[in-house]
Amino acid sequence: MSVDLISESRCFDGKLGFYRHFSSSCNGEMRFAIYQPPQASHDSVPILYFLSGLTCTEENFMAKAGAQRLAAKYGLMLVVPDTSPRQTGIPGEDDDWDFGTGAGFYVDATVEPWASHYRMYSYVVDELPAVIAENFPVLPDKQSIFGHSMGGHGALVCAMRNPQKYKSVSAFAPIAAPMRCPWGQKAFSGYLGEDQEAWRAYDASELVKQVGYHSLILIDQGTADKFLAEQLLTDVFDQACREANQPLTLRYQQGYDHSYYFIASFIEDHIRHHAIALIEV
């Protein structure tokens, strides 16, 4: 499971690198970004995964969120995968911005032709952690996950389905009930088919009632987010957590939208949320 370095830059006395490798899960090249804090030069460190949203790549979070300074402060390895396979040759994969390229939705597709490449759930949960553990100085038993929008959906799903693998989870403006929103319905029907029972395994509002999570979930949501009412449905997840007695800190941030300005404004709280779970702070 070798990786090829594309580029590397010094950042807050650590290293920010962009890599590519062959993915068996996605049957093709995948890319990821990784920030190695200064502590990683002499010790193995915990890992924090960030899953990005629709149309993003492995670059957006690293360029815009301002997370490296905080990862250096707490000694956390930051890992950001791309949001989908690319250039697979599947007809129509580039036709829509909310399906196909840049929109893998962190599911394992079961419908052809997508099933042959679009297996982002297995990539994030199983393959990528193995690649990171083999190539970088990390503590594989200390990892957490968070994300934004489509990636917030992915982080919640990955954490709840694999509580033993993730010490903590949080999200910025997640697609919190994808079975009930246009983005989720389009993605799930395309990747998983029309049997909605199969969709439940990738819906955070369904999963929290079925399995819950072992610790507090943190979510920040902007009140000026134009996607809130139709696509994100944060209130549905909130109600599901109440019904399941799942500890949740849901903060509605007045006047904030769906952008990386929103993420950058509250990134420190999220990094600290995960640092508390991963290390003694």
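The rules behind each value
- Residues numbered from 1 in each chain as written.
- Predicted model: local features only at pLDDT ≥ 70, side-chain atom pairs only at ≥ 80, totals over all residues.
- Heavy atoms only, no water.
- Pairing = 2+ DSSP bridges.
- Helix = DSSP H or I, 4+ residues; strand = E, 2+ residues; numbered from the N terminus.
- Polar contact = N/O pair within 3.5 Å; in protein donor to acceptor, adjacent residues only side chain to side chain.
- Salt bridge = Lys/Arg side-chain N within 4 Å of Asp/Glu carboxyl O.
- Buried < 20%, exposed > 50% of the residue type's maximum accessible area, 1.4 Å probe, protein only.
- Axes fitted to C-alpha atoms, helices over the stretch in contact; angles between N-to-C directions.
- Contact = heavy atoms within 4.5 Å.
- Phe/Tyr/Trp six-rings, centres within 6.5 Å; stacked < 30°, edge-to-face > 60°.
- Lys NZ or Arg CZ within 6 Å of the ring centre and 35° of its normal.

(A) Looking closely at the pairing of strand β1 (residues 4–11). Across seven bridges, β1 lies against strand β2 (residues 14–23) in antiparallel orientation. In the sheet register, D4 faces β2, and the bridge partner there is R20. Counting the residues that bridge the hairpin from β1 to β2 gives two residues, and of these F12 lies at a positive phi of roughly 50 degrees.

(B) Geometry of the side chain of S205. Following the sequence through the fold, S205 ends up in helix α7 (residues 204–210). Of note is the side chain of S205, whose polar atom sits 3.5 Å from the backbone nitrogen of F237.

(C) Spotlight on the pattern of salt bridges. Scanning the entire structure with this criterion turns up 12 salt bridges. The closest approach of N and O atoms between E29 and R31, which form a salt bridge, is 3.2 Å. A relative accessible area of 29% places R31 in the partly exposed class. Between D108 and R119 there is a salt bridge whose closest N-O contact spans 3.5 Å. In this pair, D108 is assigned in the loop between β5 (77–81) and α3 (120–135) and R119 in the loop between β5 and α3, connecting sequence segments 11 residues apart. Judged by its relative accessible area of 31%, R119 falls in the partly exposed class.

(D) Structural view of the sheet that holds strand β6 (residues 138–148). The strand order across the open sheet built from nine strands is β1-β2-β3-β5-β4-β6-β7-β8-β9, with neighbouring strands paired in mixed fashion. The strands lining the two open edges of the sheet, one partner per strand, are β1 and β9 (248–253). Adjacent strand axes in the sheet meet at a mean angle of 20 degrees when their direction is disregarded. Against the sheet, helix α10 (residues 260–278) touches β4 (45–51), β5, β6, β7 (169–172), β8 (217–222) and β9, its axis set at about 175 degrees to β7.

(E) Looking closely at the packing of aromatic side chains. One pass over the full model with this rule turns up 21 aromatic pairs. With a centroid separation of 5.5 Å and 10 degrees between ring planes, the pair formed by Y19 and F32 is classed as stacked. In this pair, Y19 is assigned in strand β2 and F32 in strand β3 (residues 28–36), connecting sequence segments 13 residues apart. Taken together, a centroid distance of 4.9 Å and an interplanar angle of 70 degrees make the contact between Y256 and F266 edge-to-face. Placement of the pair is Y256 in the loop between β9 and α10 and F266 in helix α10, with a sequence separation of 10 residues. In this structure an aromatic cluster arises from ring pairing among F50, F61, F146, F172, Y256, F262 and F266. The ring of Y121 has R161 lying over it, and the distance from NZ or CZ to the ring centre is 4.2 Å.

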